[in-house]
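# What the coordinates show
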Amino acid sequence: MSTADRALALKALHEAPEILQVVNVWDAISAKTIADLPDTKAIATAGHSIAASLGYDDGQMPLDVALAGAKVVVDAVDLPVSADLDDGYDDPGETVRRAIGIGIVGANVEDRNRPFDEAVARVAEITKAALAEGVQFQLNARTDAMRNETLSREDRIEEAIRRGRAFIDAGAPVVFVPGAVGAGDVRRLVEGLGPGRLTLIGLPGALPAKEYEALGVARISYGPLTQRVALRALRDLGESLYDGGVIPTDTPALN
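These lines cover the structure that appears in this document, whether it is placed above or below. Here the structure is a predicted model, which means the values were calculated and not measured.

This part takes up the pattern of salt bridges. The tally for this structure, following the rule as stated, stands at 19 salt bridges. Between Arg-188 and Glu-154 there is a salt bridge, with the nearest N and O atoms lying 2.9 Å from each other. Note that Arg-188 is positioned in helix α8 (residues 183–193) and Glu-154 in helix α7 (residues 153–169), a separation of 34 residues in sequence. Given a relative accessible area of 26%, Arg-188 falls into the partly exposed group. Using a relative accessible area of 43% as the deciding quantity, one classes Glu-154 as partly exposed. Ionic pairing is found between Arg-235 and Asp-236, a salt bridge with its closest N-O pair at 3.2 Å. Residue class for Asp-236 comes out partly exposed when judged on its relative accessible area of 35%.

Moving on: unusual backbone geometry. Glycine aside, negative phi is the norm for most residues, and most peptide bonds take the trans geometry. The backbone phi angle of Asp-86 is positive, close to 50°, even though this residue is not glycine. Following the sequence through the fold, Asp-86 ends up in the loop between β3 (81–84) and α5 (92–101). Classification of Asp-86 by relative accessible area gives buried; the value is 3%.

On to helix α6 (residues 116–132), then. Taking 1.5 Å per residue, 17 residues should reach 24 Å; α6 reaches 25 Å between its end C-alpha atoms and fits that length. Of the residues making up α6, those classed as buried are Ala-119, Val-120, Arg-122, Val-123, Ile-126, Thr-127, Ala-129 and Ala-130. On its buried face, α6 sits against α5, β4 (106–110), β5 (138–142) and α7. The first or second residue beyond α6 is Gly-134, which carries a positive phi of 75°.

One finds Phe-137, Val-186, Leu-198 and Tyr-212 to be the most contacted residues of the largest nonpolar core, which totals 71 residues. If you tally residues by element for this core, the top one is helix α4 (residues 63–76), at seven residues. Residues in contact with Phe-137, not counting those within four places in the same chain, are Val-96, Ile-100, Ile-104, Val-105, Gly-106, Ala-107, Ile-126, Ala-130 and Pro-173.

What counts, and at which threshold
Residues numbered from 1 in each chain as written. Predicted model: local features only at pLDDT ≥ 70, side-chain atom pairs only at ≥ 80, totals over all residues. Heavy atoms only, no water. Salt bridge = Lys/Arg side-chain N within 4 Å of Asp/Glu carboxyl O. Helix = DSSP H or I, 4+ residues; strand = E, 2+ residues; numbered from the N terminus. Buried < 20%, exposed > 50% of the residue type's maximum accessible area, 1.4 Å probe, protein only. Expected span 1.5 Å × (residues − 1). Contact = heavy atoms within 4.5 Å. Core = buried A, V, L, I, M, F, W, Y, C linked by side-chain atoms within 4.5 Å.

Laid out in structure tokens, this is it:
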């Protein structure tokens, strides 16, 4: 498929009544492993995981490095790829233009609780740049309002809704609200943003995807948690080998 066609495919997945589950990856082999699963419909990178694999702290990876890491994933699979592009860097419109140029058709871009008008303007810059490229780019506009510890829980939800509505009005198809886990909070966010607009991260303690689907959530991803599970398996294997163990005989040749 062309980049434009992949963007339309991701758009259709966001708009479908079924929740879209994206199991985050960070390199070619993790992308291929997930892409080979029959239930995989799209791929999402985890910026935190790419950064960690290259020796950067989360949020500190240079743009060129982030795009190069995402391109490795795009080149490894034949599915729509949504990338984690941190806060969009200095020029979010240009960042997304470059991302589209390497085949990325969606992205998480976080507001980091910037002033309201500035955050909305940056979303508008992204959507304008994508339209100029002729691609229905699937911006998963992230607000960090639920992580704003200067606000009460009630006010965090209201601020997430306020920002999310403004992001949608500025052209974002979906809104990512990390920190929302419980059914009550999620229900309120869906009511505030509208069905099929909210996306979540499946942190420990989150509900199963089907329960979020019933609440009207569009998409769930898993961020750096997938890499942490993989690293735990590696650590546990190392401990076992040092303790006299051997490689399990049922180990699949996934690489």
